[in-house]
Amino acid sequence: MKRLRLTTAGESHGPGLTAVLSGLPAGLAVDSEFIARDMRRRMHGYGRGHRMQIEQDEAVIRGGVRDGETLGSPVTFWIENRDFENWREVMDPYRVDPDRAEKRRLKSPRPGHADLAGGLKYLRRDLRDVLERASARESAARVAAGALAKLLLAQFGVEIRSGVRYLGALGADRPVPDWSDLEKVDDTSPLRAIHRDLEPQMVELVDRTKKDGDTLGGAVTVIAHSVPPGWGSYVHWDEKLDGRLAQALMSVPAVKAIEFGSALEASKGPGSAAHDAIERTSEGAWQRLTNRAGGLEGGVTNGEDVVATAYKKPISTLRTGLPSVDLDTLEPHRSQYERSDVTALPAAGVIAEAMMALVLADAALEKYGGDSMEEVLLHFNASRERQRRWPG
Ligand code: EPS
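Residues numbered from 1 in each chain as written. Predicted model: local features only at pLDDT ≥ 70, side-chain atom pairs only at ≥ 80, totals over all residues. Heavy atoms only, no water.

### Some points on the layout of surface pockets
Move 1: Roughly 1100 Å³ of volume is contained in the largest pocket.
Move 2: Lining of the largest pocket is provided by 46 residues; of these, His113, Ala134, Ser135, Ala136 and Arg137 occupy positions nearest its centre.
Move 3: Where the lining of the largest pocket is concerned, the elements lending two or more residues are α2 (51-54), α5 (115-122), α6 (128-134), α7 (139-154) and α12 (345-368).
Move 4: At five residues, the largest contribution of residues to the lining of the largest pocket is made by α6.
Move 5: Counted as a void, the second largest pocket has a volume near 710 Å³.
Move 6: Every residue lining the second largest pocket is counted, 22 residues in all, and those nearest its centre are Pro229, Trp286, Asn302, Arg384 and Gln387.
Move 7: Here the lining of the second largest pocket gets four residues from one element, more than from any other, and that element is helix α13 (residues 373-389).
Move 8: Broken down by class, the residue content of the lining of the second largest pocket amounts to seven nonpolar, eight polar and seven charged. (1 Å grid on protein atoms, 1.4 Å probe; cavity = no way out; pocket = protein on both sides within 12 Å on 5 of 7 lines; lining within 4 Å. Points joined across faces, edges and corners; volume = space filled by probe spheres on them. Helix = DSSP H or I, 4+ residues; strand = E, 2+ residues; numbered from the N terminus. Nonpolar A, V, L, I, M, F, W, Y, C, P; charged D, E, K, R; others polar.)

Spelled out as structure tokens, the structure:
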């Protein structure tokens, strides 16, 4: 990101998480209940493990905000890990109990997790040093920062929603959802499923998979609605907005593929069935009858909804383990089991919203600039007005 910068810190069972978001203009109203709502949404979901009953994620602002408004300085969040109390002897920053730490040592890397690659990279004998930071716990910090990005986007009329498109293979044959589908997603439903009719089967699938000691993946779709045209760029490869969004969405834990619009389907057919015909309405608006491009052409927003699907591999911590090696004996050994989730897809949707919000907010600030919200909105309104008169 160019204007906005987000740094997070903290380990899964350490004292807590920190997020530092810099680059926001001064004068953005900060709604604490809005942030709290997203923190709660991320913790929700059928198939999560016991950990989510221990935590009560609260994003406490420790800098950059005064009297409910940003100051232009970095906004800092602190999210306490309640579970730290149960892990203090293993995770204390200064002094761990050697016996307890040895007991909790991770020494059979889990295929699919960062364990082996991270151990080889940092040369740590205890793979817990890798697990603790590679854990999806870190995503709580991103959701806090993403909520602020959403509040900024709301100033331009942009809203972001998500839903679980499919779980395992359940729902994988359904078409790409649109905004009206996501408006119907019930955040309190067990899996935040886009296809509510499949939800009972999804719950059963989670139960069955849990019993088998196995895990599930699937796909979430995230959509940004009412995005003005002209955000992003086609002139430099690293400024293309689809590329930037893909990077951010790919960083959501366990995501292995990203699709914009209906790219997979379109790739199988001819060009005549792949693109979105251009029309001009009698009121002078540009519109498309389809949105196969997912709102992005040439790496620039085209005024349609920005539609992205993130494909998540099944969680790599299996109760039954997978073939691996014991680092002490160097003999074959099943990978170690660590308490985990069967699936975290409903949460992945909320994290994907945060990542999309951060990248779009960055693109908006690039387009409209300014140190204060007043300047940014002046530029935004002038730009929209000028676009309405175009090509005149
Ligand atoms: C995770 C393992 C589980 C998840 C965790 C991610 O935690 P624990 O090992 O404490 O049971 O619940 O997710 C979160 C803590 C969270 O906040 O999302 C993992 O190994 O990645």
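Read on for the rest.
### Quick notes on the side chain of Asn81
Move 1: Mapped onto the fold, Asn81 is located in the loop between β6 (75-80) and α3 (84-91).
Move 2: By relative accessible area, Asn81 is classed as buried at 1%.
Move 3: Setting aside its immediate chain neighbours within four residues, Asn81 contacts Glu11, Ser12, His13, Gly14, Pro15, Gly16, Leu17, Arg51, Glu55 and Arg137. (Buried < 20%, exposed > 50% of the residue type's maximum accessible area, 1.4 Å probe, protein only. Contact = heavy atoms within 4.5 Å.)

### Concerning a nonpolar patch on the surface
Move 1: A cluster of nonpolar side chains, namely Ile278, Trp286 and Trp390, defines an oily patch on the protein surface of about 380 Å² accessible area.
Move 2: Residue position: Ile278 is located in strand β10 (residues 278-280).
Move 3: Here Ile278 falls in the exposed class, since its relative accessible area comes to 59%. (Patch = residues over 30% accessible without salt bridge, like charges linked within 9 Å, V, L, I, M, F, W, Y side chains within 5 Å. Areas by Shrake-Rupley, 256 points an atom, 1.4 Å probe, with all protein chains shown as cover. Salt bridge = Lys/Arg side-chain N within 4 Å of Asp/Glu carboxyl O.)

### Describing the site of the ligand
Move 1: Neighbouring residues of the ligand: His13, Arg42, Arg48, Arg51, Met52, His113, Ser135, Ala136, Arg137, Arg339 and Asp341.
Move 2: Contact distances for the ligand include 2.8 Å between an oxygen atom and a side-chain N or O atom of Arg51.
Move 3: Here an oxygen atom of the ligand and a backbone polar atom of Ala136 are 3.1 Å apart.
Move 4: Contact with the protein chains removes 94% of the 470 Å² of surface that the ligand exposes when unbound.
Move 5: With respect to the detected pockets, the ligand is housed in the largest pocket. (Near = heavy atom within 4 Å. Polar contact = N/O pair within 3.5 Å; in protein donor to acceptor, adjacent residues only side chain to side chain. Sits in = over half its atoms within 2 Å of the grid points.)

### A few points about the sheet that holds β6
Move 1: With antiparallel pairing, the four strands of this open sheet are ordered in space as β1-β2-β6-β3. The sheet terminates laterally at β1 (5-9) and β3 (59-63), the two strands that pair on one side only. Ignoring strand direction, the axes of neighbouring strands in this sheet form an average angle of 20 degrees.
Move 2: Pairing of β1 with strand β2 (residues 16-22) involves five bridges; the strand directions are antiparallel. The residue of β2 that forms the bridge with Thr8 is Ala19.
Move 3: Across the face of the sheet, α7 comes into contact with β1, β2, β3 and β6 while running at roughly 140 degrees to β6. (Pairing = 2+ DSSP bridges. Axes fitted to C-alpha atoms, helices over the stretch in contact; angles between N-to-C directions.)

### Points about the pairing of strand β14 (residues 306-312)
Move 1: The buried fraction of β14 amounts to seven of the seven residues, a majority that puts the element mostly inside the structure.
Move 2: Going residue by residue along β14, you find Val306, Ala308, Ala310 and Lys312 tucked away on one face and Val307, Thr309 and Tyr311 tucked away on the opposite face as well.
Move 3: In this structure, strand β8 (residues 218-225) lies alongside β14, joined through seven bridges in antiparallel fashion. By the bridge assignment, Val220 is partnered in β14 with Ala310.
Move 4: For strand β9 (residues 255-260) and β14, the ladder comprises five bridges, and the chain directions are antiparallel. When the sheet's bridge partners are listed, Ile258 is paired in β14 with Ala310.

### With respect to the packing of aromatic side chains
Move 1: Here the structure, examined in full by the defined rule, presents seven aromatic pairs.
Move 2: Ring geometry for Phe156 and Trp231: centres 6.0 Å apart, planes at 85 degrees, overall edge-to-face. Of this pair, Phe156 sits in the loop between α7 and β7 (159-167) while Trp231 sits in the loop between β8 and α10 (241-250), placing them 75 residues apart in sequence.
Move 3: In this structure Trp231 comes out as buried when scored by relative accessible area, which is 0%.
Move 4: Pairing Trp231 with Tyr368 gives two aromatic rings, centres 6.1 Å apart and planes at 75 degrees, and the pair type is edge-to-face. Highlighted residues: Trp231 in the loop between β8 and α10 and Tyr368 in helix α12, separated in sequence by 137 residues. For the pair Trp231 and Tyr368, one class covers both residues: buried.
Move 5: Three or more aromatic residues joined by ring pairs make a cluster, and in this case those are Phe156, Trp231, Tyr368 and Phe380.
Move 6: The ring of Tyr122 has Lys121 sitting right over it, with the charged end atom 5.3 Å from the ring centre. (Phe/Tyr/Trp six-rings, centres within 6.5 Å; stacked < 30°, edge-to-face > 60°. Lys NZ or Arg CZ within 6 Å of the ring centre and 35° of its normal.)

### Side note on the pairing of β8
Move 1: With respect to burial, β8 is a largely interior element, seven of its eight residues being buried.
Move 2: Summarising the sheet, β7 and β8 pair through eight bridges and their orientation is antiparallel. Its bridge partner lying in β8, Gly163 is registered against Thr221.

### Some remarks on the sheet that holds β8
Move 1: With antiparallel pairing, the four strands of this open sheet are ordered in space as β7-β8-β14-β9. The open sheet terminates on both sides in strands that have one partner only, identified here as β7 and β9. Each strand of the sheet is rotated relative to its neighbour by a mean of 20 degrees, with strand direction disregarded.
Move 2: Packed onto the sheet, α10 meets β8, β9 and β14 and runs at close to 150 degrees relative to β9.

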